[in-house]
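What the coordinates show
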Amino acid sequence: MPQDPMDFEWSYWIEWGREHILWLLAGHLLVSQVSRLLVEKYKPWCLMIYGMAACWLLLGIKGFAVILLHAAISFVVAQFQLSLLTWLCSLILLATLRMPAVEETKRKWYDTENEYYLLLFTVSVRCLFCTSFSLEYCWHAPTQKSSHSFLWMLAYVFYYPTFHNGPLVNFDEFSKQMRRQEAFSVKTNLSILIVGIIRIFFWWCLAELMIHLMYIHALYSSALPLESASYWALGGLALAQVLFFYVKYLVLYGVSALLLQMDGLKPPPLPCCVSLMHSFTEMWRSFDVGLHRFLVRYIYVPMGGSQSSLLGTLFSTALTFAFVSYWHGGQSYLWYWGALNWLGVIVENVTKRILSISLIQDLI
C-alpha cells in the first residue's frame, strides 16, 4: 500500500537516516564506547573529532566551514560578556539563513535541494547550541572560563547525536555530565542499547502504519474533503495529526536520546503523549523538554518570568514565543501560531492567579 507522501519532515529524515545518518550514528556509538572503555578522560575530544569528520562528510567542506564560522563568531562575541550582544549576534546569524543572496549561494554548493535543506536545518539547530554556550560563558566567573574554552564549544557544537535535529541540551548540563567519569559496564550498556532499539523499532512501525493507512496529511492538503467533513471528523483529523507528530518525535528524538544514554549523559525526557495533556502550558513543558529548558533558562527567566508583575510576565512570555516563531522560520503562519500559543498560556496563567485568590477559593 502506498504511503502518504505529504509529511515532508518524516519522509525527509527517514530517507537521510537510511542512507547516511544512521550509519554515522552507529560510527559515533562505536567511537564513544571504545573511548569510554580505553580513554575516558579524552572522550569529549574523540567525539568532537568524530562529529567534525561526520559533518565534513555529509555537508562538505563548505557546510562544515559555515558551522565552524558560526561557532567562531559566537565565541568571539561572547568574550565581551554582554548577554544582549550575544543575543544580537545569534539573531543576526539566524537572519543570514533567510537572506535570498546567501540562500542562493548555499544552494549552488549542492546537487540536490535535500542536501541544501540538511545544511539549513543543521545550522538552525547549531545556532541554539552556540547561543547556549555563549550565554553560559557570559554568566560564569573568570575562574571558570577554562571549562568554557573554544575547544569545549566545538565539543558541544559538533556532538553528533544532537547535530542535525536535536534534541536540545543546554551547555551547562552537557559539560557537567561529559566531565563526569563513571564506571563503565559493557553488559549494562548492551542491555540499554537492545531495549532502546526494540522501543524505537516499535515506534517506527507504528508511525509507518499511520502514514500508510491513515493519510492524515494528504487529507489536510486538499480543501475539498475538509469542507465536506463534519466538525467531529475535523476534530478526529486534528487529533490524528498531533498523535502522529508525537509518535514521529518519539522516533526522531528517541534515537538521539538512546545514544546520549550510551555516552553516559542524561537526555531530556522524550515527548509526553499529547492525549494526556489538557493545557498549553503543559504541552510546552512536556513535549520538547530540551527546547523548553532553553527558552526558560535563556529568555523567560532573564526577562523576569513569573516572578515579575503581570505585565512583566506577559512581556517575558511574548518574547519567548516570538523567538520560537522566528527560529522556526518567521513565516506569517508561524507568528499566528506563536500568538495563539502565547494567548493560551496567558489565559491559563491568569485563570490560575484568579483561582488562587482566597475569596474565589471560598466561593468554589
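Cut-off values and rules
- Residues numbered from 1 in each chain as written.
- Predicted model: local features only at pLDDT ≥ 70, side-chain atom pairs only at ≥ 80, totals over all residues.
- Heavy atoms only, no water.
- Salt bridge = Lys/Arg side-chain N within 4 Å of Asp/Glu carboxyl O.
- Helix = DSSP H or I, 4+ residues; strand = E, 2+ residues; numbered from the N terminus.
- Buried < 20%, exposed > 50% of the residue type's maximum accessible area, 1.4 Å probe, protein only.
- Core = buried A, V, L, I, M, F, W, Y, C linked by side-chain atoms within 4.5 Å.
- Domains from an automatic or database assignment.
- Contact = heavy atoms within 4.5 Å.
- Polar contact = N/O pair within 3.5 Å; in protein donor to acceptor, adjacent residues only side chain to side chain.
- Axes fitted to C-alpha atoms, helices over the stretch in contact; angles between N-to-C directions.
- Parallel < 35°, antiparallel > 145°, perpendicular 65-115°, else oblique.
- Left-handed = near helix turned anticlockwise from the far one by under 90°.
- Nonpolar A, V, L, I, M, F, W, Y, C, P; charged D, E, K, R; others polar.
- UniProt positions renumbered as here; feature names shortened; annotations may be inferred.
- 1 Å grid on protein atoms, 1.4 Å probe; cavity = no way out; pocket = protein on both sides within 12 Å on 5 of 7 lines; lining within 4 Å.
- Points joined across faces, edges and corners; volume = space filled by probe spheres on them.

Topic: the pattern of salt bridges
One pass over the full model with this rule turns up six salt bridges. Ionic pairing is found between Asp7 and Lys248, a salt bridge with its closest N-O pair at 3.3 Å. Of the two residues, Asp7 is situated in the segment before α1 (8–38) and Lys248 in helix α11 (residues 231–262); the sequence distance between them amounts to 241 residues. A residue is classified by how much of its surface remains accessible, and Asp7, at 7% relative accessible area, is buried. Note that Arg297 is salt-bridged to Asp172, the shortest N-O span being 3.7 Å. Taken together, the residues span a long stretch of sequence, with Arg297 in helix α13 (residues 289–300) and Asp172 in helix α7 (residues 171–179) at a distance of 125 residues. One salt-bridge network, held together by shared partners, links Asp7, Glu9 and Lys248.

Let's talk about the nonpolar core
Within the largest apolar cluster, 94 residues are counted, with the highest numbers of intra-cluster contacts made by Phe158, Phe174 and Phe323. Taken domain by domain, the makeup of this core includes at least three residues from each of domain 1 (8–180) and domain 2 (269–363). Once you skip the residues sitting within four places of it in the chain, Phe323 turns out to touch Trp87, Leu91, Leu94, Leu128, Phe294, Leu295 and Ile299.

Details of the domain arrangement of the chain
By the assigned domains, the chain splits into domain 1 (8–180) and domain 2 (269–363). One C-alpha centre belongs to domain 1, the other to domain 2, and the line joining them spans 27 Å. Each partner contributes to the interface: domain 1 provides 18 residues, whereas domain 2 provides twelve residues. Between the two partners, domain 1 and domain 2, sit three salt bridges. The partner of Arg297 in a salt bridge is Glu136, and the shortest N-O contact between them spans 2.6 Å. Applying the counting rule to domain 1 against domain 2 returns seven residue pairs in polar contact (both at pLDDT 80 or more). Looking at the side of domain 1 that touches domain 2, the elements with two or more residues in it are α3 (83–96), α5 (113–139) and α7. Take the side of domain 1 that touches domain 2: its biggest share by element is eight residues, from α5.

Remarks on the packing of helix α2 (residues 43–78) against α3
Following both chains from N to C, one finds α2 and α3 inclined at 160°, their axes separated by 9 Å at the closest point. Considered as vectors, α2 and α3 are oriented roughly antiparallel to each other. Crossing of α2 over α3 shows right-handed handedness. Across the interface between the two elements, His70, Ile73, Ser74, Val77 and Ala78 of α2 pack against Leu85, Thr86, Cys89, Leu93 and Thr96 of α3. Grouping the amino acids of the contact of α2 with α3 by side-chain chemistry returns six nonpolar, four polar and no charged.

Details of the UniProt feature "transmembrane region" (unreviewed entry) in the chain
Sites flagged by UniProt as "transmembrane region" (unreviewed entry) map to residues 20–39, 46–69, 75–95, 116–135, 150–169, 190–211, 231–260 and 310–328. Structurally, residues 20–39 comprises 95% helix and 0% strand, and the distance from its first C-alpha atom to its last is 27 Å. The distance separating the terminal C-alpha atoms of residues 116–135 is 29 Å; by composition the span is 100% helix and 0% strand.

Concerning empty space enclosed by the protein
Evaluated as defined, the whole model comprises two cavities of 30 Å³ or more. Space inside the largest cavity adds up to approximately 50 Å³. Taken together, Pro167, Tyr253, Ala257, Pro267, Pro268, Pro269, Leu270, Pro271, Phe287, Asp288, Val289 and Gly290 make up the full set of residues lining the largest cavity. Elements with a minimum of two residues in the lining of the largest cavity: α11 and α13. The residue makeup of the lining of the largest cavity, split by class, is ten nonpolar, one polar and one charged.

Concerning the side chain of Ser32
Checked against the element boundaries, Ser32 lands in helix α1. Residue Ser32 is classed as buried on the basis of its relative accessible area, which comes to 0%.

Overview of the side chain of Gln177
Secondary-structure assignment places Gln177 in helix α7. Judged by relative accessible area, which is 14%, Gln177 ranks as buried. At a separation of 2.5 Å, a polar atom in the side chain of Gln177 contacts the main-chain amide nitrogen of Lys266.

Overview of the layout of surface pockets
Within this model, the largest pocket holds a volume of roughly 2000 Å³. Sorting the residues of the lining of the largest pocket by element identifies α1, α4 (100–107), α5, α11, α12 (280–286) and α15 (332–355) as the ones contributing at least two each. Split into classes, the residues belonging to the lining of the largest pocket amount to 30 nonpolar, twelve polar and seven charged. When residues of the lining of the largest pocket are sorted by domain, at least three fall in each of domain 1 (8–180) and domain 2 (269–363). Of the volumes computed, that of the second largest pocket is approximately 720 Å³.

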